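Residue-level structural notes
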Amino acid sequence: SVQAHKEEDNPQKTMEVNGLMPVPDSYDYDLIIIGGGSGGLAAAKEAAKYGKKVMVMDFVTPTPQGNSWGLGGTCVNVGCIPKKLMHQAALLGQTLQDSRKFGWEFTEEVKHNWMTMTESIQNYIGSLNWGYRVALRDKKVTYENAYGEFVGPHTVKATNKKGTEKLYTAERFIIATGERPRYLGIPGDKEYCISSDDLFSLPYCPGKTLVVGASYVALECAGFLAGLGLDVTVMVRSILLRGFDQDMANRIGEYMKEHGVHFIRKFVPIKVEQVEEGTPGLLKVTAKSTTGNQIIEGEYNTVLLAIGRNPCTRKIGLDKVGVNINETTGKIPVNDEEQTNVPYIYAVGDILQDKLELTPVAIQAGKLLVQRLYAGSTTKCDYVNVPTTVFTPLEYGACGYSEETAVEKFGEENIEVYHSYFWPLEWTVPSRDNNKCYAKIICNIQDNERVIGFHVLGPNAGEVTQGFAAAIKCGLTKKQLDSTIGIHPVCAEV
Amino acid sequence: GKNEYDLLVIGGGSGGLACAKEAAQFGRKVAVLDYVEPSPRGTTWGIGGTCVNVGCIPKKLMHQAALLGGALKDAQHYGWNISQPVHHTWSVMAQGVQNYVKSLNWGHRMQLQEKKVKYFNIKGSFSDPHTVRGLTKAGKETVVTADNIVIATGGRPKYPNQVAGAREYGITSDDLFWLKESPGKTLTPFVFNISLECAGFLTGIGLDTTVMMRSVPLRGFDQASHMSKKNQICFTTQQQMASLVTNHMESYGTKFLKRCLPTKVEKLESNRLQVTWKNADLDTEETDSFNTVMWAVGRAPDTKSLNLETVGVKTNSETGKIIVDANEATSVPHIYAVGDITEGRPELTTTAIAAGKLLAQRLFGQSSELMDYDNVPTTIFTPLEYGCVGLSEEAAVQRHGSDNIEVYHAYYKPLEFTVAERDATDCYIKMVCLREREQRMLGLHFIGPNAGEVIQGFALGIKCGATYSQIMKTVGIHPTCAEEVTKLRITKRSGLDATVTGC
């Protein structure tokens, strides 16, 4: 039963304070999922299939700029979806130029309207939010637009926008609260800077932009902003795309530089001040070198922070139920069945320690977890050889080991790297970038030249990489690769 | 006496050049003959064969030009301000494409030179099993002798000789890509894929285009090539996929005249062409005028002038193609054949290249590896592309029985279509698997943007014996179209709605 509690006359609250929260012997729900993102919703929909009583709690704490969004999590609202659409808008800008060489004629100067694009994208996202609400309703999953936190064994408190609190109990829980962008902790960061949480619904063109960071979020955003015609600078503390194959990362950076993105390497901002108010206004950024005492200043309309994401695990009452988290990172360690140290509490998605922060991984993990809980399945999520793609102006698709990691694990003499530059046919006529697109595969000589790493830099990298990932899962060897006929003329045949 | 060359290749196309260059790697003395008989229209071109000059390359580039037209429309939804209407100029595109093709011709000449392969621009014919003689364009005779000879002369487009005026007034793909002026309002009487691809890009660049077909699309491919079941590639009898492709083309703006058969072509005073045809449904005769009629009724092997009978190389009596064994060997020792000219092989650049290379490796490199023609992936570059690898649904049913196969399918919507408000009704994926146990994947079919890019990796999967469960264990890349393959759950057997909803 649902109970609304008032502070004053509350015996249960007293017991809670005294650490004597009773464990309910029958639960409101079979499963409560905290977080309505990729992982959470996938798990919820799957559990409903098995006739379980499920609740999803989803709540978006507004950004420092006051921004918020609907059901669906990061991917749908402030991640993959709007990112790929803005990336597409930028690519279209390039294709406009190409099309002239293919015979298309139109006015010389073509300008981009930020509001038109953003409105279309937000409308589409709105339709997705709506779609999820309907899907949950149809599957009879209870949805609470409220902030969920544990208050005792098997019990969570849901606080909605208005501050109303409700308590719910469940046999099992899945934490899928995801992450939010990190701030620098310097003067002016929260007041004046934006993050990816704000960018995709920004109600004005960002103008001259400084992107701080070298993550894929930073490079993807910098990439499409430049593609839309904006003046973009990326401030990088040390290396690009930490964790990715560094050779590929550097090629991506080079390409972006050649296409008009400025890079400031080995500097970090120490102060952001407002010069002018406005939409956008004008900001002054002061930065310090990481290798000396040099200080530089620059003025930008917008400063976009993309320096990493923090898991939403610190304020959800995990201490009340004894769930361990990594104190440094905030991530939750789980076993190979996504179970935390508390047997009835599970976790999926970006908050997991040592797992990939990807939507499809979260979805897969969530689904399989529920199938194990309620459908007698024993299949665990396979986190090996998960393919991924970075949607920078020159796209990068990868699956398996980076060259460095392969060398580290197997030894340089035991791996063979096959590589090739290629020129997409579609780039020939408009004379674009010969010798930039590149592909390499890394093979384990000791294991029948098995393909252990696949990397491709070029258009439609995601489409190309997907099938290769499937083949790698099947144990693809170099010989099998060689004996497969290419499709001509496409990039993937390289 | 001793033969002048270790290897003589007749035909400088995909198969021929690959074979020649590979043989040269082994330090052999190699010569290539290449000669292009001008089309009835007078079109001719340089070294490189069909693919480079009048096939894959110019076709994909013009397809790209058409796709860019679509992108221009999409761009407005994404915030780009382009004043409408937007015009397309054929000559700018044609020049861009033709210049690129010429650079490839040049590139091939350079490569042959670098690899010390001797190139003769002559039309060769056999005088004995080790001797080929030929005439240059100027009429000078050259004689070449070789230990081994590879015939890779490919094919040329056929004309429907039963249609009056077909040859005088119509053109083929041999001419289309070299036209200096726009073809204008075009009719393409169809049997083969090239007709759909050409009609597709002509529509895309704004031309009034009509496809005329006697029966069902993509069926003729199966009949005319007489491929043995073993070598059947996925396009054959793909009824469902064919209708999705043509449905899309219809909504895209290409006109279709179905169940019609052209009877004559006449030239009008205005220089337009008057085409008369029989409408089988209405049992009437109809007529209309066009600027261009492009025939795509099949290709015939280019063997006439080779003098094959003199040396005893056997050909298939119906198709005229050269009969070869698994070694690409003909009925005459030391004479081989690769590419479109060979009987029972797919007519693809990629298989010709692979076969040519492997042949050279077997002849000169102590290899014994034979060409594997199974599970060759391919793509048709219609406005909405169709890529596939492995068996068609029909072929799988025929081979294993419908009870023993499971077909997973989905209608999906590419993310980029959403904001662009593009119609995705024909975007579709189908995976044909064995029903029992691990459910090995027999065939994969994909209709959508970048179909070739999507299918390529899965072709590797099929080569590794991929099963349905392995594909399902593969995590998707988000957001792409290809990931939809890893999310296939609905079977045709279930009868459930296969539309993908949300992420």
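None of the values given here were measured: they were computed from a predicted structure.

1. Regarding the sheet that holds strand 14 (residues 267-276) of chain A
Residue and element names in this part refer to chain A. One open sheet accounts for 3 strands, arranged 14-15-16; its pairing is antiparallel. The sheet is open, and its two edges are formed by strand 14 and strand 16 (295-300), each paired on a single side. The sheet shows a mean angle of 20° between the axes of neighbouring strands, taken without regard to direction. Relative to strand 16, strand 15 (residues 282-289) runs antiparallel, the two sharing 6 bridges. Each bridged residue has a counterpart across the sheet, and for Ala287 the counterpart in strand 16 is Ile296.

2. Considerations on the packing of helix 3 (residues 56-77) of chain B against helix 4 (residues 90-114) of chain B
All names here are of chain B. One can describe the packing of helix 3 onto helix 4 by two numbers: an axis separation of 10 Å at closest approach and a directional angle of 145°. In the packing of helix 3 onto helix 4, the handedness of the crossing is right-handed. The segment helix 3 lies against helix 4, with Ile57, Pro58, Leu61, Met62 and Ala65 engaging Trp90, Met93, Val97, Tyr100, Val101 and Leu104. Of the residues in the contact of helix 3 with helix 4, the class split is 11 nonpolar, no polar and no charged.

3. Description of the interface of chain B and chain A
Taken residue by residue, the interface counts 76 residues in chain B and 78 residues in chain A. Between chain B and chain A, roughly 6,900 Å² of surface is buried when both sides are summed, and carbon and sulfur atoms account for 69% of that area. Salt-bridge contacts for Glu416(B) lead to Lys84(A); the nearest nitrogen and oxygen are separated by 2.7 Å. Inspection of the chain B/chain A interface yields 22 residue pairs in polar contact (both at pLDDT 80 or more). Here the side of chain B that touches chain A is built from residues that sort into 40 nonpolar, 29 polar and 7 charged. Pairing between strand 4 (residues 111-112) of chain A and strand 3 (residues 80-81) of chain B: 2 bridges, direction antiparallel.

4. Concerning the UniProt feature "domain: Pyridine nucleotide-disulphide oxidoreductase dimerisation" (unreviewed entry) in chain A
As annotated in UniProt, the feature "domain: Pyridine nucleotide-disulphide oxidoreductase dimerisation" (unreviewed entry) corresponds to residues 386-493 of chain A in the numbering used here. Between the C-alpha atoms that bound residues 386-493 of chain A there is a distance of 21 Å. The span itself is 28% helix and 30% strand.

5. Considering unusual backbone geometry
Leaving glycine out, the prevailing phi sign among residues is negative, and the prevailing peptide bond configuration is trans. Residue Pro280(A) follows Thr279(A) across a cis peptide bond; omega there is 0°. Its place among the elements puts Pro280(A) in the loop between strand 14 and strand 15. A cis amide bond links His478(B) to the next residue, Pro479(B), at an omega of -5°. In this structure, Arg259(B) takes a positive phi of about 60° despite not being glycine.

Procedures and definitions
- Residues numbered from 1 in each chain as written.
- Chains lettered and ligands numbered in written order.
- Predicted model: local features only at pLDDT ≥ 70, side-chain atom pairs only at ≥ 80, totals over all residues.
- Heavy atoms only, no water.
- Pairing = 2+ DSSP bridges.
- Helix = DSSP H or I, 4+ residues; strand = E, 2+ residues; numbered from the N terminus.
- Axes fitted to C-alpha atoms, helices over the stretch in contact; angles between N-to-C directions.
- Left-handed = near helix turned anticlockwise from the far one by under 90°.
- Contact = heavy atoms within 4.5 Å.
- Nonpolar A, V, L, I, M, F, W, Y, C, P; charged D, E, K, R; others polar.
- Buried area = accessible area lost by both parts, 1.4 Å probe.
- Salt bridge = Lys/Arg side-chain N within 4 Å of Asp/Glu carboxyl O.
- Polar contact = N/O pair within 3.5 Å; in protein donor to acceptor, adjacent residues only side chain to side chain.
- UniProt positions renumbered as here; feature names shortened; annotations may be inferred.

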